[in-house]
Amino acid sequence: MAYLAIKLKQARDFPIACKIVLLPERRYYVPGDIVEGKLIVSHRQKAEVALRSIKVTLQGSSLAKFKEREQIHHKTETFLDQGVIVFGARDRDVRALSSIHKLPAGTHSYGFQLQVPTTPQIPSTFKTSIGLVIYQVLAILDIGTQYLKKGEKTIDVRGALEIGPEPPIEYEKVERRSGGDSKPRSEERRVGKECRSR
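Note that residues are indexed from 1 along each chain, following the sequence as it is written. In keeping with the predicted nature of the model, local features appear solely for residues at pLDDT of at least 70, side-chain atom pairs appear and are counted solely at 80 or more, and the whole-chain, interface and lining totals rest on all residues. For the side-chain quantities, the full set of heavy atoms in the structure was used; hydrogens and water were omitted.

(A) Fine view of the pattern of salt bridges. In what follows, salt bridge is the name for a side-chain nitrogen of Lys or Arg lying within 4 Å of a carboxyl oxygen of Asp or Glu. All told, the structure shown has 3 salt bridges when counted by the stated rule. A salt bridge links Glu 25 to Lys 153; its shortest N-O distance comes to 3.3 Å. One end of the pair, Glu 25, is in the loop between strand E2 (17-22) and strand E3 (34-43); the other, Lys 153, is in strand E11 (residues 147-155), and 128 residues separate them in sequence. Arg 158 is paired through a salt bridge with Asp 156; the nearest N and O atoms lie 3.5 Å apart. Throughout, exposure labels follow a simple rule: accessible area from a 1.4 Å probe, protein chains only, divided by the maximum for the residue type, with under 20% read as buried, over 50% as exposed, and the rest as partly exposed. Relative accessible area serves as the criterion here: at 37%, Arg 158 is assigned to the partly exposed category. The way it works is that DSSP assigns letters per residue, a run of H or I at least four long becomes a helix, a run of E at least two long becomes a strand, and they are numbered from the N terminus.

(B) Focus on the nonpolar core. By convention a nonpolar core is built from buried Ala, Val, Leu, Ile, Met, Phe, Trp, Tyr and Cys residues, the set being connected through side-chain atoms within 4.5 Å. In terms of nonpolar packing, the biggest core is built from 33 residues, with Ile 16, Leu 39, Leu 51, Ile 54, Val 137, Leu 141 and Ile 155 touching the most fellow members. Every element with two or more residues in this core is listed here: E2, E3, strand E4 (48-51), strand E5 (53-68), strand E6 (71-88), strand E8 (106-115), strand E10 (131-142) and E11.

(C) View of the sheet that holds E2. We treat two strands as partners when DSSP finds at least two bridges between them. Sheet architecture is open: 3 strands sit in the order E2-E3-E8, paired in antiparallel fashion. Strand pairing shows two members of the sheet lacking a second neighbour, E2 and E8, which therefore form its edges. Pairwise comparison of adjacent strand axes, ignoring direction, gives a mean angle of 25° for this sheet. Of the strand pairs in this sheet, E2 and E3 are connected by 6 bridges, and their pairing is antiparallel. Angles here are taken between N-to-C directions and fall from 0 to 180 degrees, while the axes themselves are lines fitted to C-alpha atoms, restricted in helices to the stretch in contact.

(D) Representation of the packing of aromatic side chains. Working definition: rings of Phe, Tyr and Trp (its six-membered ring) pair if their centres are within 6.5 Å, and the pair is stacked with planes under 30 degrees apart, edge-to-face with planes over 60 apart, and tilted otherwise. By the definition in use, this model includes 2 aromatic pairs. Taking 5.7 Å as the distance between ring centres and 85° as the angle between the ring planes, the aromatic pair formed by Phe 79 and Tyr 135 counts as edge-to-face. In this pair, Phe 79 sits in strand E6 while Tyr 135 sits in strand E10, placing the two residues 56 residues apart along the sequence. Accessibility expressed as a relative area gives 29% for Phe 79, which makes it partly exposed. On the basis of an interplanar angle of 55° and a centroid distance of 6.1 Å, the ring pair of Phe 87 and Tyr 110 is categorised as tilted. On the criterion of sequence distance, the pair formed by Phe 87 in strand E6 and Tyr 110 in strand E8 is long-range, its members being 23 residues apart. According to the relative accessible area criterion, Phe 87 is buried, its value standing at 13%. Comment: the charge-over-ring label is applied if NZ (Lys) or CZ (Arg) is within 6 Å of the ring centre and within 35 degrees of the ring normal. Note that Arg 158 overlies the ring of Tyr 28, its terminal NZ or CZ placed 4.0 Å from the centroid.

(E) Broad picture of the environment of Ile 134. Position of Ile 134 among the secondary structure elements: in strand E10. What makes Ile 134 partly exposed here is its relative accessible area of 28%. Spatially, the C-alpha atoms of Ile 134 and Ser 124 are 8.4 Å apart, while their sequence positions differ by 10 residues. Residue contacts are defined here by distance: any two heavy atoms, one from each residue, within 4.5 Å place the two residues in contact. Look past the residues within four positions of Ile 134 in its chain and what remains in contact with it is Gln 59, Gly 60, Ser 61 and Thr 154.

(F) Just unusual backbone geometry, in detail. The peptide bond linking Leu 23 to Pro 24 adopts the cis configuration, its omega dihedral lying at -10°. Relative to the assigned elements, Pro 24 resides in the loop between E2 and E3. Cis geometry is found at the peptide bond from Thr 119 to Pro 120, where omega equals -5°. Among the structural elements, Pro 120 can be located in the loop between E8 and strand E9 (126-128).

(G) How the structure looks around the environment of Arg 26. Structurally, Arg 26 is set in the loop between E2 and E3. In this structure the C-alpha to C-alpha distance between Arg 26 and Ile 155, which are 129 residues apart in sequence, comes to 8.4 Å. Leaving out residues up to four positions away in the same chain, Arg 26 has contacts with Asp 33 and Ile 34. Throughout this description, a polar contact denotes any pair of N or O atoms lying within 3.5 Å of each other; where both atoms belong to protein, one of them has to be capable of donating a hydrogen while the other can accept it, and for residues adjacent in sequence the pair is counted only when both atoms sit in side chains. Within the structure, the side chain of Arg 26 is placed 3.1 Å from the side chain of Asp 33, a separation counted as a polar contact.

(H) Quick look at the pairing of E8. Here E8 shows a buried face lined by Gly 106, His 108, Tyr 110, Phe 112 and Leu 114 and an unburied face lined by Thr 107, Ser 109, Gly 111, Gln 113 and Gln 115. In the sheet, E3 pairs with E8 via 10 bridges, with the strands oriented antiparallel. Within the sheet, the bridge partner assigned to Lys 38 lies in E8 and is Gly 111.

This is the structure:
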C-alpha cells in the first residue's frame with residue numbers, strides 16, 4: 001500500500017492532529033507525581049502517513065527578560081525534556097530508529113505515564129513581567145526530515161525551587177499597654193517569612 005511522504009514548510013501543514021488528555025487532570029503536580037493520560041492522534045488522509053516515531057514528552061522551559069544598554073534581551077532554556085515513545089521506534093532498539101512506520105487513517109489512542117523528576121531539583125511554575133517557568137506535556141513527531149511539536153498541554157508544577165518574586169510584605173496589628181495607660185495602643189508589626197509559612 002502506498003503511503004504519504006511529506007516535506008513541510010511549516011509544522012501546521014502536517015496532516016496529523018494530536019491532543020493530550022490527562023487522566024486525571026490535577027490542579028498541580030509535585031516532584032515524584034505521575035503525569036498520566038492518553039495521546040489521541042488522528043488524520044484523514046486517504047493514504048497512510050509515514051513516521052519514524054511519536055513521542056510524548058514532559059518539557060520544562062524558562063524565559064528571562066532583561067535590559068542591557070537600553071535594549072531588551074530574552075534568554076530561553078529547556079531544563080527538562082523526558083518522554084516515552086508511544087508509536088514507532090523505541091529508544092532501546094537502535095536498528096529501528098531509522099525505520100519508517102505507517103500510521104493508518106483514522107483516530108488512534110496511546111496511553112502514557114511520565115514522572116515529575118525528584119532530582120535534580122526543579123523550579124515551580126511562575127510567570128512575571130521579567131520571566132517565566134512553564135511545563136508542558138506534548139507530542140513530538142519524528143517525520144524523518146524534522147521533529148514537529150503537536151498538542152501542547154500546559155500543567156502547573158510545584159517544584160522544590162521557588163525562584164519567583166518575593167511575596168509582598170505583610171503586617172499584623174498588635175495591641176500594647178504601657179505605663180499607666182488604660183487604653184491599649186494599636187501598632188503594626190511586620191510578619192516574617194516564618195509567620196507566613198504557617
